[in-house]
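Survey of secondary and tertiary structure
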Amino acid sequence: MAEYSRPNTLGRALSHPTLIETNDVSPPNVQLHPRRRRKPSSCSSVENLDRVSTPSPENESRVLVINTGGTIGMTLRDTGYAPKANALVESLRKLPILHDELYARQTYLYEYYKLENTLVLPPSKLNKRIIYTILEYSPLLDSSNMTTDDWGRIGKDIEKNYENFDGFVILHGTDTMAYTASALSFMCEHLGKPIVLTGSQVPIYELRNDGRDNLLGALLIAGQFVIPEVCLYFYNKLYRGNRVTKVDASSFNAFTSPNLPPLATAEVDFKINWDTVWRANTTAKFQVRTELNRNVGLLRLFPGITASTVRAFLQPPMQGVVLETYGSGNAPDNRPDLLEELSKATNSGVIIVNCTQCLRGTVSASYATGRVLMDAGLLAGGDMTPEASLSKLSYVLAKKELTLDAQKKMMAQNLRGEMSADLEGAKLCLSDSRFIQVIAKSLSVSCKEELEAIRDALTPSLTCAAAKIGDTEALVALKEMGSDLRLGDFDGRTPLHVAACEGHLRLVQYLLNQGASVHAKDRYGDTPLCNAVRFRHKDVVRLLRKTGAHFSREQLEEAGSELCSLAASGDKEGLDIWRIAGADLTRPGYDGKTAIEVAQAAGNKDVVEVLNSYMNSKTMNGAAIEFTAKPALL
Ligand SMILES: NC(=O)C[C@H](N)C(=O)O
C-alpha cells in the first residue's frame, strides 16, 4: 500500500507536541464543514482506498476534547500515579477503535486541519464520522489540584471554540469531576451543545482499563446527539453533570446520580431519555460566566459540633455556605448556641443553604429540627447535591449586579435542572412539565414565548378535562406545575363550571379552596351556580351559596318563567333546588303569573303545599323579598 506522506504542517507540528498554546484550535481560514478537497485521481490506485466511504461534511461532526488530566492519562511513577504530558494523542492514534488512520489520510484530515492532534473515529452505527481535536492543558492535573481558575479556563476555551465544534468532551480526573461538572453547568449560560465530562479509574495505557470505553462513549454522545447540557459520562451512563457525585474509589462504576435518572444509557444502542434532557427555553446567545466567588464553603454537621467551630467557619470573608445537615434537613433544635451563630451569619448577609448529608432525598420542613434552620434564615437546598449547591453559590454570589435578595431568589430557582423540588413554596412552572415539553418538541417549539403560548392554550383544556371526570389528583398535579385553576377555556368555562355540572362536590370544594371564582361567567353568562342548578346537584348548590354565589338580577328576573314551568309539571325537586340557590319562588313568569298560581291551576297539590310553606317561612324570617302573590288555598 502506497503511503501518503504527511503534509509538512503535520511534520512540524509533531516536533512541537504542545502546539496549541493559544487554546484556539479552530483551523485558520476554515469554516465549519466546508467541502474538503477530495483525494487526487493519482491516488485512485491506492490499495484499500475504495473501501473507505466517501467523506462528506454531512455525515461528519467535530468534537473538541479538552484534556485537563486525571487518571485516564496517568502513568505509574516512583511517586505514584501522575499525569503524563504529550502522550495521549499518540497513544490514541494507535488504537483502531479511537482512530481511523486510513480515513484520516484519504480525506487529508491532517492537511486540512493543520493540527497534529486531530483524530477521527471509525464510522458509528448511525454512520457518523466524529472528528475530534485534542487540546491538552499544561500542566495536566490530578483533579485534586484543580481550582476555580481551572474551571474558568475550561469555560473560556469552550466559549472560544464554541462555533467550530458540535460538542465538547472534557477529560478530567474523577475525584473532583462532580464539582467541575456542576460549576460548568452554571457557568455555561444558554448552552445549546453537549459538554461531556469523562475520565477513568484506570489509565488508558494499561491493558485493562475503563478509559477507552468512557472516551469512546463520550465522543459518540457529544458528536451525535444535541443534548444541550453539561453532562458526565461514565460506565455506560450519561448523567446530568450537576446531579452526580462520586461514590466509589475503586469501581469502574464510580458515579451516581441519586435524585435524577441518567440522561442516556449506552447499551446495544444509545438510549436517550429525552424527557429528562434539559431544555433551555431560550433564544439568547451562549456565553460563559467565568467569575466565581471563592468565599464559599461546605460545613458538615456532626453530633457535638461546637458553636466556636461554626462561628469560626462563618467568619468574614465567608459569603456562602452549604450546611450539610442530617436526614431531611435537620439540625439540633436544643442547641441555641449553634442556632444563634447561624442566625447571626444569615442576618449579616451570609447565604446558608441547607443540604442533606444523605445520598438520596430532599430537605423538607417536616421536622421541628428542620424548621429551626428555616427560622435561622437558611435556604432549603431541595435535593441538590452538595457539589451542585456549592458551585451554584459560587456562581450566584459572583453576580455582583444582583442584590442579596435577588441572589437568594436565584439560589432557590432551578437554574439548570440541578434540583427537582420546589423551594420555599415556589412551584414548578408548567413549562417544566414533560407533557408540555413533549408537545412543544413535536411542534418544534423552542422559544419561551411559544412554549408559554402552548401552555396557556392547553392549561384550561387539561384542567377542565380533569374536572369533568372528577380527578382531583390530576388537578393537584396541574396546579403544582403552575397551572392557574381559575382560567377558563375558549368558551370561558372554568374547571369550577365543569365540576358544578358534574356534581363533583369534593372537587368543587378543592377548587374553591384554590381560589376558583364562583362569579366566573362563561360565554353564555352562566355561573357555576347556574350549572349546578340546571343539573340539580343540591350539595354543590349549597356549597357554592355558602361561598357567596348568587344569581344576577337578570337571572332572577328570568327565573319566574322557569319556576312556573316547574310548578306546572309538578316538579317539587326542581323548585327546591331553585330555592336553595337563592331564587325568589314568588317571582312571576313572563305572563305575570307566579309558580303557586300555576300549580293551583294545574291541580298540583303537593307543589302548592311546598310553595305555601316556603312563603310562610319567608314571612317568618322577615325576608327582604316582597311577595307578589298571596298564600293560596286549595
Ligand atoms: N480516577 C481519577 O481520575 C482519580 C485521580 N486522582 C484524579 O481525580 O485526577
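Residues numbered from 1 in each chain as written. Predicted model: local features only at pLDDT ≥ 70, side-chain atom pairs only at ≥ 80, totals over all residues. Heavy atoms only, no water.

**Here we look at the pattern of salt bridges**
Counted according to the given criterion, the structure contains 27 salt bridges. Across the pair Asp337 and Arg335 runs a salt bridge whose closest N-O atoms are separated by 2.9 Å. The exposure class assigned to Asp337 is partly exposed, which follows from its relative accessible area of 32%. Accessibility expressed as a relative area gives 19% for Arg335, which makes it buried. The residue Glu502 makes a salt bridge to Lys468 at a minimum N-O spacing of 3.1 Å. A residue pair is termed long-range when its members are at least 10 positions apart, and Glu502 in helix H16 (residues 495–502) and Lys468 in helix H14 (residues 448–468) qualify at 34 residues. Overall, Glu502 belongs to the partly exposed group, its relative accessible area being 31%. Via salt bridges that share partners, Arg289, Glu291 and Glu401 belong to a single interconnected network. (Salt bridge = Lys/Arg side-chain N within 4 Å of Asp/Glu carboxyl O. Buried < 20%, exposed > 50% of the residue type's maximum accessible area, 1.4 Å probe, protein only. Helix = DSSP H or I, 4+ residues; strand = E, 2+ residues; numbered from the N terminus.)

**Some details on the sheet that holds strand E10 (residues 237–240)**
By way of backbone hydrogen bonds, the strands of a sheet pair with one another, either parallel or antiparallel. Pairing is mixed across the open sheet formed by nine strands, whose spatial order is E4-E5-E1-E6-E8-E9-E10-E13-E14. Each edge of the open sheet is held by one strand with a lone partner, namely strand E4 (118–120) and strand E14 (270–272). Strand-to-strand twist across the sheet, computed as the mean angle between neighbouring axes with direction ignored, equals 25°. For strand E1 (residues 60–69) and strand E5 (residues 129–141), the ladder comprises nine bridges, and the chain directions are parallel. Note that in E5 the partner of Gly69 across the bridge is Leu141. (Pairing = 2+ DSSP bridges. Axes fitted to C-alpha atoms, helices over the stretch in contact; angles between N-to-C directions.)

**Regarding the sheet that holds strand E19 (residues 379–380)**
Taken in spatial order, the four strands line up as E16-E17-E18-E19 in an open sheet, and their pairing is parallel. One side of each edge strand has no neighbouring strand; the edge strands of this open sheet are strand E16 (296–300) and E19. In this sheet, strand E18 (residues 351–356) lies alongside strand E17 (residues 320–325) in parallel orientation, the contact comprising six bridges. Within E18, the residue paired with Leu323 across the bridge is Asn354.

**Focus: the UniProt feature "repeat: ANK" (unreviewed entry) in the protein**
In this numbering, the UniProt entry assigns the feature "repeat: ANK" (unreviewed entry) to residues 491–523 and 524–556. For residues 491–523, the end-to-end C-alpha separation is 5 Å, with 52% helix and 0% strand making up the annotated structure. Secondary structure content for residues 524–556 is 61% helix and 0% strand, and the end C-alpha separation is 16 Å. (UniProt positions renumbered as here; feature names shortened; annotations may be inferred.)

**So, the packing of aromatic side chains**
The description of an aromatic ring pair rests on the distance of the ring centres and on the angle between the ring planes. Counting across every chain of the model gives seven aromatic pairs. Look at Tyr162 and Phe286: their rings are 3.9 Å apart centre to centre, the planes differ by 15°, and that puts the pair in the stacked class. A residue pair is termed long-range when its members are at least 10 positions apart, and Tyr162 in the loop between helix H5 (148–161) and strand E6 (167–171) and Phe286 in the loop between E14 and strand E15 (287–288) qualify at 124 residues. Across this residue pair, the class does not change: Tyr162 and Phe286 are buried. When the centroid spacing of 5.0 Å and the interplanar angle of 70° are considered together, the rings of Phe234 and Phe255 count as edge-to-face. A residue pair is termed long-range when its members are at least 10 positions apart, and Phe234 in strand E9 (residues 230–234) and Phe255 in strand E12 (residues 255–256) qualify at 21 residues. For Phe234, a relative accessible area of 1% translates into the label buried. The buried category is assigned to Phe255, whose relative accessible area is 3%. Cluster of aromatic residues (ring-pair linked, three or more members): Tyr162, Phe165, Phe168 and Phe286. For the cation-ring pair, Arg129 lies above Tyr103, with the distance from its terminal atom to the ring centre recorded as 3.7 Å. (Phe/Tyr/Trp six-rings, centres within 6.5 Å; stacked < 30°, edge-to-face > 60°. Lys NZ or Arg CZ within 6 Å of the ring centre and 35° of its normal.)

**Brief notes about the nonpolar core**
Within the largest apolar cluster, 50 residues are counted, with the highest numbers of intra-cluster contacts made by Ile66, Ile154, Ile158, Ile195, Phe255 and Leu393. At seven residues, helix H6 (residues 177–187) tops the list of elements feeding residues into this core. Taken domain by domain, this core gets at least three of its residues from each of domain 1 (59–284) and domain 2 (296–412). Beyond its immediate stretch of four places on either side in the chain, Ile158 contacts Ile66, Phe168, Ile170, Ile195 and Phe286. (Core = buried A, V, L, I, M, F, W, Y, C linked by side-chain atoms within 4.5 Å. Domains from an automatic or database assignment. Contact = heavy atoms within 4.5 Å.)

**A short note on the pairing of E17**
In terms of burial, E17 is largely enclosed, as six of its six residues are buried. Here E17 shows two buried faces, one formed by Gly320, Val322 and Glu324 and the other by Val321, Leu323 and Thr325. Of the pairings in the sheet, the one linking E16 to E17 comprises five bridges and is parallel in character. Looking at the pairing, Gly297 lines up with Val321 of E17. For the crossover that starts at E16, traverses helix H8 (residues 307–313) and ends in the parallel E17, the hand is right-handed. Between the parallel pair E17 and E18, the chain is carried across by helix H9 (residues 336–347), and the sense of this crossover is right-handed. (Right-handed = clockwise from strand over helix to strand, strands pointing away.)

**Remarks on the environment of Asp526**
Tracing the backbone through its elements, the reader meets Asp526 in the loop between helix H17 (505–513) and helix H18 (528–534). For Asp526, a relative accessible area of 16% gives the class buried. For the pair Asp526 and Arg493, spaced 33 residues apart in the sequence, the C-alpha separation amounts to 8.9 Å. Once residues within four sequence positions are removed from consideration, Asp526 is found in contact with His497, Ala520, Lys521, Asn531, Arg534 and Gln555.

**Observations regarding the pairing of E1**
Burial within E1 is extensive, with 10 of its 10 residues counted as buried. Relative to E6, E1 runs parallel, the two being bridged by five bridges. Residue Leu64 lies in a different strand from E6, and its bridge partner there is Phe168.

**Some details on the site of the ligand**
As a matter of local geometry, the ligand sits amid Gly70, Thr71, Met74, Asp142, Ser143, Gly173, Thr174, Asp175, Ser200 and Gln201. Contact between the ligand and Ser143: an oxygen atom at 2.5 Å from a side-chain N or O atom of the residue. Contact between the ligand and Ser200: a nitrogen atom at 2.9 Å from a main-chain N or O atom of the residue. Within the complex, the protein chains bury 90% of what would otherwise be the 270 Å² of accessible surface of the ligand. The class makeup of the residues in the shell around the ligand is one nonpolar, seven polar and two charged. (Near = heavy atom within 4 Å. Polar contact = N/O pair within 3.5 Å; in protein donor to acceptor, adjacent residues only side chain to side chain. Areas by Shrake-Rupley, 256 points an atom, 1.4 Å probe, with all protein chains shown as cover. Nonpolar A, V, L, I, M, F, W, Y, C, P; charged D, E, K, R; others polar.)

**Focus on the packing of H5 against H6**
Where H5 contacts H6, the axes come no closer than 10 Å and their chain directions differ by 50°. Of the possible angle classes, the one that applies to H5 and H6 is oblique. In this structure, H5 crosses over H6, and the sense of that crossing is right-handed. Each of Trp151, Gly152, Ile154 and Gly155 in H5 lies in contact with H6, whose residues at this interface are Tyr179, Thr180, Ala183, Leu184 and Met187. Tallied by class, the residues present in the contact of H5 with H6 amount to six nonpolar, three polar and no charged. (Parallel < 35°, antiparallel > 145°, perpendicular 65-115°, else oblique. Left-handed = near helix turned anticlockwise from the far one by under 90°.)

**What about the packing of helix H20 (residues 553–568) against helix H21 (residues 572–580)?**
One way to put it is that H20 packs onto H21 with a least axis distance of 8 Å and a crossing angle of 150°. When the interaxial angle is binned, H20 and H21 end up roughly antiparallel. As for the relative orientation of H20 and H21, their crossing is left-handed in sense. Residues Ala559, Glu562, Leu563, Leu566 and Ala567 of H20 form the contact with H21, whose own contacting residues are Gly574, Leu575 and Trp578. Of the residues contributing to the contact of H20 with H21, the split by class is six nonpolar, one polar and one charged.

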